[in-house]
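Here is how the chains run, residue by residue.
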Amino acid sequence: MGRTIGQEQNLAALMRAAQGGDREAYAALLSTLAPLVGQAVRQRFGFLQPQDIDDLVQDILLSLHASRATYDPARPFLPWLMAIARNRMADSARRYVRRAAHEVPSEHPPETFPAEDANVSASGYGDVEALARAMTQLPRGQRQAIEMMKLREMSLKEAAAATGTSVGALKVSVHRGMQALRKAMSTTD
Amino acid sequence: MDTAEFIKRLAADLQPVRPLRPPWARALLWLGLALLYVAAIVWRKSMINEASQVAGNARFLAEQAATLATAMTAAIAAFCSIIPGFDRRVLLLPVVPLGLWLASVGLGCVQDWLQRGADGLTLRADWDCLPSAIVMGIVPSVMLVIMLRKGAPLLPRVSLALGALAVASVANLGLQLAHARDASIMVLVWHLGAVAVWVAIGGWLGAFVLGRRHASSVR
């Protein structure tokens, strides 16, 4: 992250403005930082998938957001940013190691029960096209809720923030949507 | 979520913040308030009993000065530890005053032993001062946690352990004025033992108490 003094001063000025509540300056600052942080993450975690790198970059920006009061305008900006980035990357590395330690690679998932219902993965996931058709028949709210929570595996909080609805309303939408999908799929069978 | 969209949301979530004061200033503010609180308790309960008698005791005064210095340096180190980019050597600040405090109490043990033989090192259970210690520690602990949570949880266990050391030191200072002057062995085992336990609890709970907080509306 080699930067010139001018760029450093520019970033520090944007951060000072952001501390004062200037949203445009903040958006400009984060947009400038995202590729710099991405580069630092790629240097350290070159083996990660692009999506995982994006997630880590967003995690670092989120930590910057939560810690913005700790930036002292009288001090250089980049060392402050990089301390946050290093801390989040170290956390991420620890998570990665923990996950890897508990994962058991297996090419052939063992069959647990002979009953067909218990081995859906062995026989595929049913009629994917019919499921896609059934999804398009759902009301917009239910479809969106299922896409976010079941397909993209977002948490209730995340999905509620993304859709602008309450957690309760989201739960109802998912429940009704799943019921409708089950009904539609059973008629297809 | 796409990073550009994510940035847009973060910017929309932005609220103005006041930059934190330097760690030493925050530590001084906390220590001042904590000492006022402890002094008020000692005063209200008329607990200063031997302060006048021990005023001329150089070792006692040195011990209290080391305790106060431990509180101040531990608080500075704790407040530094929540600032990204701080010099990690700052974390060692309390080592010297804590060492002096321990040395002073250890010297007291030796003096008691030389003067009174084995009787000078007799240890007994003394639970009377526990309620006072807890009361003296509550408000400084709450203040410290609130102040630490305004920073970045880079090393939450270390930050809270240092904070606990600062709180325990202030409470000890109050206790030394609050009850009958104990034999040094009692101070070493009960007071400093309690400090060690409190620091361990702080380290254990650090990640939970100072854990990472994010703008929940963003993701």
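Residues numbered from 1 in each chain as written. Chains lettered and ligands numbered in written order. Predicted model: local features only at pLDDT ≥ 70, side-chain atom pairs only at ≥ 80, totals over all residues. Heavy atoms only, no water.

1. A short note on the overall build of chain A
Counting its regular elements, chain A contains eight helices and zero strands. In chain A, the succession of helices and strands from N to C terminus is α-α-α-α-α-α-α-α. Burial status across chain A gives 36% buried among its 189 residues. Summarising the internal contacts of chain A: among those between residues at least 6 apart in sequence, 57% fall at separations of at least 24. (Helix = DSSP H or I, 4+ residues; strand = E, 2+ residues; numbered from the N terminus. Buried < 20%, exposed > 50% of the residue type's maximum accessible area, 1.4 Å probe, protein only. Contact = heavy atoms within 4.5 Å.)

2. Concerning the interface of chain A and chain B
In this assembly, 37 residues from chain A lie in contact with 34 residues from chain B. Between chain A and chain B, roughly 3,000 Å² of surface is buried when both sides are summed, and carbon and sulfur atoms account for 61% of that area. When the buried surface of chain A facing chain B is broken down by residue, R23(A), Q58(A) and L62(A) rank first, second and third, together holding 22% of it. In this structure, the connection of chain A to chain B is made through zero salt bridges. Linking chain A to chain B there are seven residue pairs in polar contact (both at pLDDT 80 or more). Listed by contribution, the elements that provide at least two residues to the side of chain A that touches chain B are α1 (5-19), α2 (23-44), α3 (50-66), α4 (77-102) and α7 (156-163) of chain A. Ranked by residues supplied to the side of chain A that touches chain B, first place goes to α3(A) with nine residues. Its residues assigned to classes, the side of chain A that touches chain B shows 17 nonpolar, 10 polar and 10 charged. (Buried area = accessible area lost by both parts, 1.4 Å probe. Salt bridge = Lys/Arg side-chain N within 4 Å of Asp/Glu carboxyl O. Polar contact = N/O pair within 3.5 Å; in protein donor to acceptor, adjacent residues only side chain to side chain. Nonpolar A, V, L, I, M, F, W, Y, C, P; charged D, E, K, R; others polar.)

3. Comments concerning the confidence of the model for chain A
Parts of the model with low pLDDT should not have their predicted coordinates read in detail. Per-residue pLDDT for chain A averages 83, and the proportion of residues at 70 or more is 86%. Across chain A, α2(A) holds the top mean pLDDT of 91, while α7(A) sits lowest at 80. (pLDDT = per-residue confidence, 0-100.)

4. Some points on the packing of aromatic side chains
Summed over all chains, the structure comprises four aromatic pairs over all chains. Through a chain of ring-to-ring contacts, three or more aromatic side chains come together here, namely Y71(A), F77(A) and W80(A). (Phe/Tyr/Trp six-rings, centres within 6.5 Å; stacked < 30°, edge-to-face > 60°.)

5. Some thoughts on the packing of α2(A) against helix α1 (residues 3-12) of chain B
Where α2(A) contacts α1(B), the axes come no closer than 9 Å and their chain directions differ by 150 degrees. When the axis of α2(A) is compared with that of α1(B), the two are roughly antiparallel. Judged by the sense of rotation from one axis to the other, the crossing of α2(A) with α1(B) is right-handed. Across the interface between the two elements, R23(A), Y26(A), A27(A), L30(A), S31(A) and A34(A) from α2(A) touch T3(B), I7(B), L10(B), A11(B) and A12(B) from α1(B). Per-class residue counts for the contact of α2(A) with α1(B) are eight nonpolar, two polar and one charged. (Axes fitted to C-alpha atoms, helices over the stretch in contact; angles between N-to-C directions. Parallel < 35°, antiparallel > 145°, perpendicular 65-115°, else oblique. Left-handed = near helix turned anticlockwise from the far one by under 90°.)

6. Section: the nonpolar core
Counting residues in hydrophobic clusters, the biggest one holds 46 residues, and the most contacted among them are W30(B), F79(B), M136(B), L148(B) and V170(B). Going through the elements one at a time, α2 (23-44), α4 (58-80), α5 (95-116), α6 (129-148), α7 (156-178) and α8 (184-209) of chain B are the ones with two or more residues in this core. Core analysis: the next-biggest nonpolar cluster, separate from the first, contains 38 residues, M15(A), I53(A), W80(A) and A11(B) among them. (Core = buried A, V, L, I, M, F, W, Y, C linked by side-chain atoms within 4.5 Å.)

7. With respect to α2(A)
In this model α2(A) runs 31 Å from its N-terminal to its C-terminal C-alpha over 22 residues, within 8% of the 32 Å that 1.5 Å per residue would give. The sharpest bend along α2(A) comes to roughly 30 degrees, located at L33(A), with the proline P35(A) sitting one to four residues further on. Buried residues along α2(A) sit in contact with α1, α3 and α4 of chain A together with α1 of chain B. The opening residue of α2(A) is D22(A), an N-cap whose side-chain oxygen sits 3.1 Å from the backbone nitrogen of E24(A). (Expected span 1.5 Å × (residues − 1). Bend = angle between axes of the 7 residues up to and from the residue.)

8. Some thoughts on a nonpolar patch on the surface
There is a patch of nonpolar side chains on the surface, built from W127(B), L130(B), I134(B), I138(B), V139(B), V142(B) and I146(B) and spanning about 650 Å² of accessible area. With respect to the helices and strands, V142(B) occurs in helix α6. (Patch = residues over 30% accessible without salt bridge, like charges linked within 9 Å, V, L, I, M, F, W, Y side chains within 5 Å. Areas by Shrake-Rupley, 256 points an atom, 1.4 Å probe, with all protein chains shown as cover.)

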